[in-house]
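# Chain and residue survey
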Amino acid sequence: MNKKMIKTIASITCGLGIVGLISTTSTSCNNHSWPKNAIPKEYLNISNGILHGFKDTFIPSEHINDGYDTLSIPKDVITIAQSAFDFEDHTQLPSFVRNIMFEDNSKINSIEHYAFDFGSYTPDKIVLPEGLTHMDSFYSYSYGMSTIVFPSTLNEIPNHFLFDGENSWISNIIFNNIDLSNNHNWLKKISSETFSSDSLISQGTIRVSGKSNSSSEEVLNYLIEHTKDPQTQESPFRLWTAL
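Residues numbered from 1 in each chain as written. Predicted model: local features only at pLDDT ≥ 70, side-chain atom pairs only at ≥ 80, totals over all residues. Heavy atoms only, no water.

Assigned secondary structure in the chain consists of two helices and 16 strands. In the chain, which comprises 243 residues, the proportion classed as buried is 44%. Sequence separation of 24 or more characterises 64% of the internal contacts of the chain that already satisfy a separation of 6 or more. Summed over its atoms, the accessible surface of the chain is roughly 12,600 Å², and 47% of this surface lies on carbon and sulfur atoms. (Helix = DSSP H or I, 4+ residues; strand = E, 2+ residues; numbered from the N terminus. Buried < 20%, exposed > 50% of the residue type's maximum accessible area, 1.4 Å probe, protein only. Contact = heavy atoms within 4.5 Å. Areas by Shrake-Rupley, 256 points an atom, 1.4 Å probe, with all protein chains shown as cover.)

To continue, consider the pattern of salt bridges. Two side chains that carry opposite charge are able to pair once their charged atoms sit near each other. Counting across every chain of the model gives four salt bridges. With a closest N to O distance of 3.5 Å, Lys107 and Asp76 form a salt bridge. With a gap of 31 residues between them, Lys107 in the loop between β6 (99-102) and β7 (110-111) and Asp76 in the loop between β3 (70-73) and β4 (79-80) connect regions that are remote in the sequence. In this structure, the salt-bridge partner of Glu234 is Arg238, at a minimum N-O distance of 3.6 Å. With relative accessibility at 46%, the residue Arg238 sits in the partly exposed group. (Salt bridge = Lys/Arg side-chain N within 4 Å of Asp/Glu carboxyl O.)

The next thing to look at is the environment of Phe85. If you trace the backbone, Phe85 turns up in strand β5 (residues 85-86). By relative accessible area, which is 1% here, Phe85 ends up buried. Contacts of Phe85, omitting those with residues within four sequence positions, involve Leu51, Gly53, Phe54, Leu71, Ile80, Thr91, Gln92, Leu93, Ala115, Phe116 and Asp117.

Looking now at the nonpolar core. Among the nonpolar cores identified, the biggest contains 52 residues, and Ile80, Phe116, Phe150 and Ile173 are the most heavily contacted of them. For this core, the element with the highest residue contribution is helix α2 (residues 216-226), accounting for four residues. Apart from residues lying up to four places away in sequence, Ile80 is in contact with Leu51, Ile73, Phe85, Phe102, Ile108, Ser110, Ile111, Glu112, Ala115 and Phe116. (Core = buried A, V, L, I, M, F, W, Y, C linked by side-chain atoms within 4.5 Å.)

Quick look at the pairing of strand β15 (residues 200-209) now. Where strand β14 (residues 170-176) meets β15, six bridges bridge the pair, whose relative direction is parallel. Bridged to Ile170 within β15 is Leu200. The pairing of β15 with strand β16 (residues 241-242) spans two bridges and is classified as parallel. Bridge pairing links Ile206 to Ala242 in β16. A crossover connection joins β15 to the parallel β16 through α2; in handedness this β-α-β unit is right-handed. (Pairing = 2+ DSSP bridges. Right-handed = clockwise from strand over helix to strand, strands pointing away.)

Let us now look at α2. When α2 is considered as a whole, its buried residues turn out to be Ser216, Val219, Leu220, Tyr222 and Leu223. Down the axis of α2, the buried side of the element spans an arc of 160°, and every buried residue falls inside it. The secondary structure elements touched by the buried residues of α2 are β14, β15 and β16. (Arc of directions from axis to C-beta.)

Below, the structure written as structure tokens:
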């Protein structure tokens, strides 16, 4: 059965109120592209393009067995507000969320201070999309976040962007569409205070993706050179590997 026929039948069944006759990963009566493993969009508190966290109607304990392991940020969100997902508030991310992703064609351009304020756990992976220009610090009290993907469109990232109460070790960093020959590239603004040794494991990996004009080896060498501690002259990336 071709995709066009599936969509036609799905449209008819939705119109008749018949649900569950067709099993697909991308067809839904409410949203044709929302991932099944993501917390439903109707639980997100969004106004005028600003994501403020979860609505009061979202009660994590009621969804533990629903198969949600992802927080997907809708494409129309422009800003994630300060402390939107605050571990000290009812808007904290539930422990079953292991990934933070952004919907395709995202319009996001700003993530405000401690928008992701993690508590007793940290998601495994955060993929920051192209188009994001401003990102402030995250906060974490725990181990986790093994992988983070940085877009090429960032203007800069703050010092100690992952501020940790204990340790939240990152073991994989992926740079998308990276070009070190571009003097406006955000990596040109990093310093010894950008990546804290407390937020990185001692031996992680660097990768590049997308239409990158710089190799992972070039990026790693740049990181090592520009994140050296002024006193010890050692970089937290000194034992990392380029893939």
